[in-house]
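The lines below spell out each chain.
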Amino acid sequence: SLTRTERTIIVSLWSKISTQVDVIGTKTLERLFSCYPQAKTYFPHFDLHTGSAQLRAHGSRVVAAVGDAVKSIDNVTSALSKLSELHAYVLRVDPVNFKFLSHCLLVTLASHFPADFTADAHAAWDKFLSIVSGVLTEKYR
């Protein structure tokens, strides 16, 4: 579980991320599809070109879901339960993709907030996104 200091770091950086959900989400997905092209298989109906409307919309939804987890930092399981079911039972997304997405989000945060993304922030966000990934893959078990 997260320490008080880690929670403070996550909530603090989220206050900056939340004003740029569209940009952060779009860049994260662009990075995901560039670095892990196999993830594209889950989006055959999407225009995955850089900056496309569908990419921006889905990126915003992804980062907004991270925001839901931040807002419910003490009960991430409850906050993401419906998403967990959707990705496991309906979309059948390979769980490894959540780790790839987490990594791409970390890199995007580091590049957008270099002054705020200290080693402690990196560690806290990595731990938090591991919790989020774990919640999203719970239904696979």
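Residues numbered from 1 in each chain as written. Predicted model: local features only at pLDDT ≥ 70, side-chain atom pairs only at ≥ 80, totals over all residues. Heavy atoms only, no water.

An unreviewed UniProt entry lists the protein chain under the name Hemoglobin subunit zeta, with Bos mutus grunniens given as the organism. Turning to the protein chain, the UniProt annotation filed under Sequence similarities (unreviewed entry) states: "Belongs to the globin family." (UniProt positions renumbered as here; feature names shortened; annotations may be inferred.)

**Q** Just checking my understanding: could you explain the environment of H49 for this structure?
**A** In this fold, H49 is placed in the loop between α2 (21-35) and α3 (53-71). A residue is classified by how much of its surface remains accessible, and H49, at 61% relative accessible area, is exposed. Here the alpha-carbon distance between H49 and E30, two residues 19 residues apart in the chain, equals 8.3 Å. Among the polar contacts listed, one links the side chain of H49 to the side chain of D47, at a separation of 2.5 Å. (Helix = DSSP H or I, 4+ residues; strand = E, 2+ residues; numbered from the N terminus. Buried < 20%, exposed > 50% of the residue type's maximum accessible area, 1.4 Å probe, protein only. Polar contact = N/O pair within 3.5 Å; in protein donor to acceptor, adjacent residues only side chain to side chain.)

**Q** What is the right way to look at a nonpolar patch on the surface in this model?
**A** A cluster of nonpolar side chains, contributed by L86, Y89, V90 and L91, occupies part of the molecular surface with about 390 Å² of accessible area. Mapped onto the elements, L91 comes out in the loop between α5 (81-90) and α6 (96-112). Here L91 falls in the partly exposed class, since its relative accessible area comes to 42%. (Patch = residues over 30% accessible without salt bridge, like charges linked within 9 Å, V, L, I, M, F, W, Y side chains within 5 Å. Areas by Shrake-Rupley, 256 points an atom, 1.4 Å probe, with all protein chains shown as cover. Salt bridge = Lys/Arg side-chain N within 4 Å of Asp/Glu carboxyl O.)

**Q** What am I meant to see in the confidence of the model for the protein chain here?
**A** In low-pLDDT regions, the fine details of the predicted coordinates are not to be read closely. Mean pLDDT over the protein chain works out to 95, with 99% of the residues at or above the 70 mark. Summarising per-element confidence for the protein chain, the mean pLDDT is lowest in α5 (86) and highest in helix α1 (residues 4-17) (98). (pLDDT = per-residue confidence, 0-100.)

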